[in-house]
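Okay, here's what each chain looks like letter by letter:
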4 protein chains.
Amino acid sequence: MKLNRKLRMGMVGGGRGAFIGAVHRMAANLDGQIELVAGCFSSDPKKSRLSGQDFYLDLARVYASYEDMAAAEAALPADQRIDFVSIVTRNNTHFAVAKTFLEAGIHVICDKPLCLTVKEARALKKVVEKTGQVFALTHNYTGYPMVKEARDWITSGKLGKILKIVVEYPQGYAVTAFEEKGDGAISNWRMDPSTSGISNCMGDIGTHAHNLAHYITGLEIEEICAELSTFIPGRPLDDDGNCLIRFEGGAKGILFASQISNGDENNLNIRVYGTKGGLEWHQENPNELTFKCADAPPVVHRRGNSYLGAAAQGATRTPFAHPEGFIEAFANVYAAAATAIADAVAGRKAPKKGYDFPTIDDGIAGMLFIETVVKSSNKGARWTKFPKV
Amino acid sequence: MKLNRKLRMGMVGGGRGAFIGAVHRMAANLDGQIELVAGCFSSDPKKSRLSGQDFYLDLARVYASYEDMAAAEAALPADQRIDFVSIVTRNNTHFAVAKTFLEAGIHVICDKPLCLTVKEARALKKVVEKTGQVFALTHNYTGYPMVKEARDWITSGKLGKILKIVVEYPQGYAVTAFEEKGDGAISNWRMDPSTSGISNCMGDIGTHAHNLAHYITGLEIEEICAELSTFIPGRPLDDDGNCLIRFEGGAKGILFASQISNGDENNLNIRVYGTKGGLEWHQENPNELTFKCADAPPVVHRRGNSYLGAAAQGATRTPFAHPEGFIEAFANVYAAAATAIADAVAGRKAPKKGYDFPTIDDGIAGMLFIETVVKSSNKGARWTKFPKV
Amino acid sequence: MKLNRKLRMGMVGGGRGAFIGAVHRMAANLDGQIELVAGCFSSDPKKSRLSGQDFYLDLARVYASYEDMAAAEAALPADQRIDFVSIVTRNNTHFAVAKTFLEAGIHVICDKPLCLTVKEARALKKVVEKTGQVFALTHNYTGYPMVKEARDWITSGKLGKILKIVVEYPQGYAVTAFEEKGDGAISNWRMDPSTSGISNCMGDIGTHAHNLAHYITGLEIEEICAELSTFIPGRPLDDDGNCLIRFEGGAKGILFASQISNGDENNLNIRVYGTKGGLEWHQENPNELTFKCADAPPVVHRRGNSYLGAAAQGATRTPFAHPEGFIEAFANVYAAAATAIADAVAGRKAPKKGYDFPTIDDGIAGMLFIETVVKSSNKGARWTKFPKV
Amino acid sequence: MKLNRKLRMGMVGGGRGAFIGAVHRMAANLDGQIELVAGCFSSDPKKSRLSGQDFYLDLARVYASYEDMAAAEAALPADQRIDFVSIVTRNNTHFAVAKTFLEAGIHVICDKPLCLTVKEARALKKVVEKTGQVFALTHNYTGYPMVKEARDWITSGKLGKILKIVVEYPQGYAVTAFEEKGDGAISNWRMDPSTSGISNCMGDIGTHAHNLAHYITGLEIEEICAELSTFIPGRPLDDDGNCLIRFEGGAKGILFASQISNGDENNLNIRVYGTKGGLEWHQENPNELTFKCADAPPVVHRRGNSYLGAAAQGATRTPFAHPEGFIEAFANVYAAAATAIADAVAGRKAPKKGYDFPTIDDGIAGMLFIETVVKSSNKGARWTKFPKV
């Protein structure tokens, strides 16, 4: 349920030129339920100020450091201070920023991956538990209505027992440096272990594939046999990875992610096969979800129709065939988190069935995924246990 | 260029439950450049108030009538009053509401179709010219980046001389009443000539098809040979229409629109064929635009790529293959209109090349289209001249 | 039912370099039920002989004229002479060749369009009736399994009452001459009225669209309002045409065909909308047929599956997803005609439900279509009655 | 080059009801270059006779055993005896039948997989070499024109250095037994190691995926890390398998095949990514081949166009967008083999560039693939060397 006012949002990171910060703001803006009122948009105070001007903020609430921001906002009267902060900085700062705001009594929506290590992730979970603040992680692809529909199909048994999962996330943008530069120059901070962690490709997009498979099927990985590759020689981190997967309960699978799949754009896809049927969903065509089974024609379910389940219908804003996209899916994560935050602000209990947004546990699972994949690959593609979250 | 504050928006219509009003608000919200501060959301004052609460408005600025609203807002100090109003009521009220706000010195963004008749449309143009206010019409499909790319291809001569245009807009939602009710009950106000005008299907969606063809090709219709049909007997207005078209300069074409094309959702498509090549765009898959020509393989251009022209790139918010949809396209109309309004508010001149949003002339053309189609159909599908805008 | 030997086929036309003759031969070869044993492959006796060598024929049965061939073959003993002749010459000779063979007691499979005029067509029907020979016309697109499935859907009422039909056949190959030659040079015999008849585009491919719509829906046209165009100035015949259609029983429709739709290849498509559902089939993707209706997800039926009807299953040669194409569809016309011919040869009665191949009546309907379209267009797109077959 | 007569074909296997035998006959029939004149269509002499009648054969040349057939045909005069035999029996008999005919001086076209073991395969190669007969293996998917185009792109360097290959072959037909029968009953001989060999799924369709990747890229596998699964408990052989692949030269890849991918039909697909571009081909849509690369729009190449290379154009029978399918691709293998056989019969030398059909070496590679996959899987998915062919 809502409050009788918009939620007040702060932001850390996301200054001029940043891609994901802009997406977070559009996602927050879309439904008119959230207003941005404060921020520390850059570690460079001048850039932070200019960004604050871009967003028409009171410059008194544009801060030079996130520590200042957390302290100052926490000190404001309850009817002024931010309800939550969006963290859209690089991976290596997520832990410290999130911890600071949580401990200041401010709810957090944090970009993924959660942080740099499993250790950090588990430590952050303790902070979340101790402070009791809402913590949402923007694994945004789970925000698509047809992804929610897919999950409901599996929950309801429409596919029968799950036998096989194929999830893939090929991109090609990072192949060009290979030809153009030749020297393996690190094109961005994602290739720098100190900001990005122990994996580039698997950390950046492999975690989305893992999270998507888990969200839809409810199954967690049991063991991984992985091979990471760095096709551009000078790169310190992987730009491609292929995994054989054993899931809980006996399903087998394939997961691969790549940034050198030349000509692919953002080609996240999933196929799930069960004893009673299969499903197929393509992120680049997100408004469709196909059900197929042997001896019956494929059925193409389309967003916005009354034949869909409650979750898909609840996550939709426009009628059928008025296409919704990436921002709308992202906004669904924000909307679900906003509901939880509003409940917390109003002192209401969470509903029994909980909220539908990725949590700190999804963040821990993402870190476990990265570490397990890297461990398996380092051993030359040996089956490696995926620890319990 | 922007102001150093958000633009202040009012809204007439669009209370609880209204589809298009919600879309206008999301389009206005998306970029964080506009805030809704006032409105008259329903002709029922109580419903208007409740809607105002939904949007967290100061209830002093939630009005019982649009006349009150125009007067009261115009009387507010310049740093408080709305910069523009969004009109999202039924067709039959657009004229009076728009006239009222324009004459009160308030810019207007108006839902389509413009009004009920050509006569109203031409009268409204005079008001626009006299008051000098910005007037934008939300023919939203022109807001899609790949539609802008298509227009640029034709402007630049990439297709050569245009020979043929096929534009279609089949929907199927209005067929069900046929079977379920049998009595031709009017399912909604669109079937009522007093609120909708002399055409239902051609007015509601045929105008979109016409506007899209005109926007992309720059060609206006010269003559129409049309047959409108009412497949559900008791309906007072058409639910389907097919047209042969002769365009200026010799191109021929087909335009059809339908609400009884069973199973089609919102299937607006356009194909343009010229001496040097052809193009194809499908609204349900809006992030792609195909160029094709004899003796060369089809080339599928995709939104968000650096190989696209400035207009398409300027109308995009996310990288390639992070799908954008209907709301984003709608928001592009708002963004362009907002730029014009900000310029007007700041006393800046319009840029030489103008702004990229549909204007009062597009609205007149839409009314001419409706009247010409109906006239041709009433004569049993005779070629009927399309008057000059 | 079959004979205890292959059927013996002759061919008129289709010598070296001819496209459609080769298709007929492959269609005849495919199932191993027919052998080519005689022919007059060209009006040039030398070319005819060389072609006969290509096909490994006994040169005693490669003839210098079709008249010679008919006479000589008819004079052969029953266990040697051809059972039927395939006529794959230009349109202007179909009548005389067919008449000659029919009157010689030889069955005929003839390429479409049937002939040059309605008058010829009706005269040929009399010959067919008088001689009692089998006459099949290769409107090959009706040979596709999923086209048969579509027909069965409508026959069985799956679509309810038919409201609207959209059938289109855009090609683009004839646009290139426009740019390259400028002089409107006639690229081939199809643009020559003396060989092709009164229409090029509508005769060549418009008749396919008409035949397909008729085959699938069982509806014949009642009135046509047509505009033919010649976009390349010097051409004596149309290269494009658009029609509004009124079908028997109240359905409305659009039919268009074009050879200047730049970049389109062989893009024959049909959509049929009824009160209970709609269907969509695309010739370039012939193994799929979609059923769609309001409030239910589209269902994509695929060739080769056991959920299809008997006609579709009976017209298929390979399991699902082992794609079948143009030649296989063509071969289905041959197979059905071969069954009729075998029955005739064996003196068996035709089955009650008849055979599933296009007949002389389809040929007459095609001629009526061409003449009605041309008549309507010549009057400036006036509604013109489609005479009874 | 051709002979001045049709080639004479015999067949072993492929009697009434057999799927692949019928495909071989249609492939042989299609171009009118080959005639079936003898056969041993079943190990049951009566069934063999009935099948011979179906094909209108001289029953003197319908044999009770393949040994009889080889002996009798070899004893016929040169102008009567078969030029080659098609072997379309189960895997376990291929070796003996092929050896028998080769040693009788009769050329062989053999269905895949080649035989049961690497040992058999190598032994058969020796027979081929010793006898000097033509031996072709029907890895039919390499017969598609767009597959040949893909190979040419890579040969010509259009994709740059190959980095990654993803090839997959999911089918779903074998999942149904799971639910329906529950007992894991072996549905057909493919699940019986004595007729099928040590792998079902990987032998039947995994070998196609392997062969396709090799044909297109020219790269052979260096190491495999595989996991085979049997999802239906009682089955003695695998019904699914996933492999990580290391190719010669450093490319990495994924290969998977499945018969329990519920709802998939015959979904063989390949994606190849190189430093300069990527390609994508889908067997179920075989007339298209997409080239894509970063920073340029995807280009969809379509069969039958003059912009394609000589191999693709030479393997096509109909103009663009007159779809060709599975049988035509199969017929391309026959046509290439027939050319080689005709050359051999005529005593002509093979052309320098050789012929374009799969050979005994492809058969050995297939056996190596099966054995390596099984070996790796048996070790729990360890990297296993792929021996040299």
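Every chain's residues receive numbers from 1 upward, in the order its sequence appears when written. To read the labels, note that chains go from A and ligands from 1, taken in the order they are written. Local features in a predicted model are, by the rule used here, given only for residues with pLDDT of at least 70; side-chain atom pairs are given and counted only at 80 or more, and totals for whole chains, interfaces and linings are based on all residues.

Per an unreviewed UniProt entry, chain A goes by Gfo/Idh/MocA family oxidoreductase and derives from Synoicihabitans lomoniglobus.

Q: Describe the relation of the copies chain B and chain C, listing the residues and the values that go with them.
A: Here the copies are superposed with least squares, the fitted atoms being C-alpha atoms of residues at a pLDDT of at least 70 in both. Once chain B is rotated about the relating axis by 180° and shifted along it by 0.0 Å, it coincides with chain C to within an RMSD of 0.0 Å. The transformation just described matches what one would write down for a two-fold rotation axis. Counting the interface residues of chain B, we find that 100% of their copies in chain C are interface residues as well, pointing to one common contact surface. Note that contacts rest on C-beta atoms placed from the backbone: two residues are in contact if these are within 7 Å.

Q: Before we move on, could you go through the interface of chain B and chain C and cite the residues and values that matter?
A: Taken residue by residue, the interface counts 38 residues in chain B and 39 residues in chain C. In this description a helix means any DSSP run of H or I spanning at least four residues, a strand means any run of E spanning at least two, and both kinds are numbered starting from the N terminus. Counting residues per element, the ones that place at least two in the side of chain B that touches chain C are β6 (162-170), α7 (176-180), β7 (221-229), β8 (240-247), β9 (252-258), β10 (269-274) and β12 (288-293) of chain B. No other element matches β9 of chain B, which puts four residues into the side of chain B that touches chain C. Each residue belonging to the side of chain B that touches chain C can be placed in one class, and the counts come to 16 nonpolar, 13 polar and nine charged. We call Asp, Glu, Lys and Arg charged. Ala, Val, Leu, Ile, Met, Phe, Trp, Tyr, Cys and Pro are nonpolar, and the rest, Gly among them, are polar.

Q: I'd like to hear about the interface of chain C and chain D, residue by residue, with values.
A: Chain C puts 31 residues into the contact, and the matching count from chain D is 31 residues. Of all the secondary structure elements, the ones that give two or more residues to the side of chain C that touches chain D are α1 (19-29) and α11 (326-346) of chain C. The element that contributes the greatest number of residues to the side of chain C that touches chain D is α1 of chain C, accounting for five residues. Residue composition of the side of chain C that touches chain D, grouped by class: 14 nonpolar, seven polar and ten charged.

Q: Could you give an account of the relation of the copies chain C and chain D, naming the residues involved and the relevant values?
A: Relative to chain D, chain C is turned by 180° and slid 0.0 Å along the rotation axis, the superposed coordinates differing by an RMSD of 0.0 Å. Here 100% of the interface residues in chain C have copies in chain D that are interface residues too; the copies meet face to matching face.

Q: Please set out the confidence of the model for chain A residue by residue, giving values where relevant.
A: Known as pLDDT, the predictor's confidence for each residue is given on a scale from 0 to 100. Per-chain confidence: chain A averages 95 in pLDDT, with 97% of residues scoring 70 or above. Here the prediction assigns the complex a pTM of 0.97, and the interface score ipTM is 0.96.

Q: Tell me about the UniProt feature "domain: Gfo/Idh/MocA-like oxidoreductase N-terminal" (unreviewed entry) in chain A, residues and numbers included.
A: UniProt positions are given in the numbering used here, feature names are shortened, and annotations may be inferred rather than shown by experiment. UniProt's entry tags residues 7-138 of chain A with the feature "domain: Gfo/Idh/MocA-like oxidoreductase N-terminal" (unreviewed entry), counted in the numbering of this structure. Along residues 7-138 of chain A, the helical share is 44% and the strand share 18%, with 18 Å between the first and last C-alpha atoms.

Q: Any chance you could break down the domain arrangement of chain A for me, citing the residues and the numbers?
A: Residue and element names in this part refer to chain A. According to the domain assignment, chain A consists of domain 1 (7-133) and domain 2 (145-316 + 364-385). How far each domain reaches was decided by an automatic or database domain assignment. Between the C-alpha centres of domain 1 and domain 2 the distance comes to 28 Å. Residue-level contacts link 13 residues of domain 1 with twelve residues of domain 2. Grouping the amino acids of the side of domain 1 that touches domain 2 by side-chain chemistry returns six nonpolar, three polar and four charged.

Q: Now, about the pairing of strand β7 (residues 221-229) of chain C: what can you tell me, with residues and values included?
A: All names here are of chain C. Among the nine residues in β7, seven count as buried, and that is most of the element. Of the strand pairs in this sheet, β7 and strand β8 (residues 240-247) are connected by eight bridges, and their pairing is antiparallel. Opposite C225, over in β8, you have L244 as the bridge partner. If DSSP finds at least two bridges between two strands, the strands pair. Where β7 meets strand β14 (residues 384-385), two bridges bridge the pair, whose relative direction is antiparallel. Its bridge partner being in β14, E223 is matched across the sheet by K385. Neighbour counting defines burial: a residue surrounded by 20 or more other C-beta atoms within 10 Å of its own C-beta is buried, one with 12 or fewer is exposed, and intermediate counts give partly exposed, using backbone-placed C-beta atoms.

Q: Break down the environment of Q53 of chain C for me, citing the residues and quoting the values.
A: All names here are of chain C. With respect to the element layout, Q53 can be found in helix α2 (residues 45-54). On the basis of neighbour count, Q53 is assigned to the exposed category, with 12 C-beta atoms found within 10 Å. Spatially, the C-alpha atom of Q53 lies 15 Å from that of A18, the residues being 35 residues apart in sequence.

Q: Which residues make up the environment of N267 of chain B, and what are the values?
A: Inspection of the secondary structure assignment puts N267 of chain B in the loop between β9 and β10. On the basis of neighbour count, N267 of chain B is assigned to the partly exposed category, with 18 C-beta atoms found within 10 Å. Excluding its chain neighbours within four sequence positions, the residues that come into contact with N267 of chain B are A321 of chain A together with Y169, P170, Q171 and E284 of chain B.

Q: I'd like to hear about helix α11 (residues 326-346) of chain B, residue by residue, with values.
A: Residues and elements named next belong to chain B. In this model, α11 (21 residues) spans 30 Å end to end at C-alpha, consistent with the 30 Å of a helix rising 1.5 Å per residue. By the criterion of burial, α11 is predominantly enclosed, with 17 of the 21 residues buried. With its phi angle positive at about 75°, G347 sits one or two positions after the end of α11. Expected span, for any helix, means 1.5 Å times one less than how many residues it has.

Q: Which residues make up the sheet that holds strand β1 (residues 7-12) of chain A, and what values do they have?
A: Residue and element names in this part refer to chain A. Strand order in this open sheet of five strands is β2-β1-β3-β4-β5, and the pairing throughout is parallel. Every interior strand has two partners, whereas the edge strands, β2 (34-40) and β5 (135-137), have only one. Taking each pair of neighbouring strands and ignoring which way they run, the sheet shows an average axis angle of 25°. Here strand β4 (residues 107-110) pairs with β5 via three bridges, running parallel. For I109, the partnering residue across the bridge sits in β5 and is A136. With axes taken as lines fitted to C-alpha atoms, and helix axes fitted only over the stretch in contact, angles between N-to-C directions fall between 0 and 180 degrees.

Q: For helix α3 (residues 66-75) of chain B, give the residues involved together with the corresponding values.
A: Residue and element names in this part refer to chain B. Within the span of α3, buried status applies to Y66, M69, A70 and E73. Take α3 and look down its axis: the buried residues cluster within an arc of 95°, on one side only. Set apart from the buried face of α3 by more than 90 degrees, the exposed residues are D68 and A75. Against the buried residues of α3 lie β1 (7-12), β2 (34-40) and α4 (91-103). The arc in question is traced by the directions running from the helix axis to the C-beta atoms.

Q: Account for the sheet that holds strand β2 (residues 34-40) of chain C, naming residues and giving values.
A: Neighbouring strands of a sheet are bound in pairs by backbone hydrogen bonds; such pairs are parallel or else antiparallel. Residues and elements named next belong to chain C. A sheet is described by the order of its strands in space; here five strands give the open sequence β2-β1-β3-β4-β5, paired in parallel fashion. Strands with a single pairing partner mark the edges of an open sheet, and in this sheet they are β2 and β5 (135-137). Each adjacent strand pair in this sheet contributes to an overall mean axis angle of 25°, direction not counted. In this structure, strand β1 (residues 7-12) lies alongside β2, joined through six bridges in parallel fashion. When the sheet's bridge partners are listed, R8 is paired in β2 with E35.

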